Amino acid sequence: MKSRWLVWLLAILGVIGATLFIASMIQTWENNFLCSISRTMQQQQFTHGPTSMQLKAILHYATSQVVPQQSLSEITITFDVLQALHRPANFLVFGLGRDSLMWASLNPHGTTLFLEEDPKWFGIVTKDAPNLLAHTVRYRTQLRDADSLLSSYRSEPACFPATATLRGNERCKVALHNLPDEVYAKEWDLIMIDAPKGYFAEAPGRMAAIFSAAVMARDRKGSGVTHVFLHDVDRKVEKVYAEEFLCRKHLVKSVGRLWHFQIPPMGNHTSDYTRFC
């Protein structure tokens, strides 16, 4: 009799244990399933949903008569490159302007950093778009010295393409040696040169920006090329310095006043260590 009760007790305990085990497994599966759905929704929102910066850009341009400095066809060149990367990009832009919010919104989840030489203009732009990542920078060049700088760099070893650096390079007058550390810390996938001012003799000119972009691109350690976009190539200095440092052989597209270069890392260049092109 006792043995029969023991058998029934063990059977009941077994059923209860199995029920609890199955319930636990179902709960675990449900939790994992719900977490998976949550992660998927978050990933979809991250990948496809508009960011705060993009929404602000839409609102800004929809309610303003101010339009970007570049034409639609010029903007499209950079937009197509950003789209083709299929990932967040590191995008360095020389100059703040009416198009800054647009550039930042076209690179959602990436890093878009602006460098501006005019503190007053910096304040005006960032007041309307305080979420932009931007720094003021100082240039030590003047447009009137463009020809002499082009001649002198060729005899200065600190400017040679095989040895040129940027941070702390005071000997090379066309090297941007005092930029924020954030600029030197990243490898930039895209570099847009649409500043500093270059239309009067005392202006900084874009000599140093073009040279420094070439150095950054050639020093790339990661895979792929660096896309460099130079605006206002209808002007003499921009055109001459582009042909000297960014190289005609790397020019892949020209639209309006914009040139698009694809510059490979230094290891892919020729063995001429005194000239960039």
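Here, the structure is the one placed above.
Residues numbered from 1 in each chain as written. Predicted model: local features only at pLDDT ≥ 70, side-chain atom pairs only at ≥ 80, totals over all residues. Heavy atoms only, no water.

### Description of the side chain of Thr78
Part 1 of the argument: Within the secondary structure layout, Thr78 lies in helix 3 (residues 72-85).
Part 2 of the argument: The residues touching Thr78, leaving out its near neighbours within four places in the chain, are Phe91, Trp103, Leu190, Met192 and Phe229. (Helix = DSSP H or I, 4+ residues; strand = E, 2+ residues; numbered from the N terminus. Contact = heavy atoms within 4.5 Å.)

### With respect to the state of the cysteines
Part 1 of the argument: Summed over all chains, the structure comprises two disulfides.
Part 2 of the argument: One disulfide bridge connects Cys159 with Cys172, the sulfur atoms lying 2.1 Å from each other. Taking the torsion about the S-S bond as the criterion, the Cys159 to Cys172 disulfide, at about 120°, is right-handed. Here the residue Cys159 occupies a position in the loop between helix 6 (146-152) and helix 7 (181-185), and Cys172 occupies one in the loop between helix 6 and helix 7, the gap between them amounting to 13 residues. For the pair Cys159 and Cys172, a shared accessibility class is recorded, and that class is buried.
Part 3 of the argument: Bridging Cys247 to Cys277, the disulfide has an S-S length of 1.9 Å. Across the S-S bond linking Cys247 and Cys277, the dihedral sits near -90°, which makes this disulfide left-handed. Here Cys247, found in the loop between helix 9 (236-246) and strand 6 (251-255), pairs with Cys277, found in the segment after strand 7 (258-263); they are 30 residues apart in sequence, far enough to count as distant. (Disulfide = S-S within 2.5 Å. Buried < 20%, exposed > 50% of the residue type's maximum accessible area, 1.4 Å probe, protein only.)

### Digging into helix 8 (residues 207-218)
Part 1 of the argument: Under the 1.5 Å per step criterion, the end-to-end length of helix 8 is 17 Å for 12 residues, consistent within 8% with the ideal 16 Å.
Part 2 of the argument: Within helix 8, 12 of the 12 residues are buried, which leaves it mostly tucked inside the rest of the structure.
Part 3 of the argument: The set of residues buried in helix 8 consists of Met207, Ala208, Ala209, Ile210, Phe211, Ser212, Ala213, Ala214, Val215, Met216, Ala217 and Arg218. (Expected span 1.5 Å × (residues − 1).)

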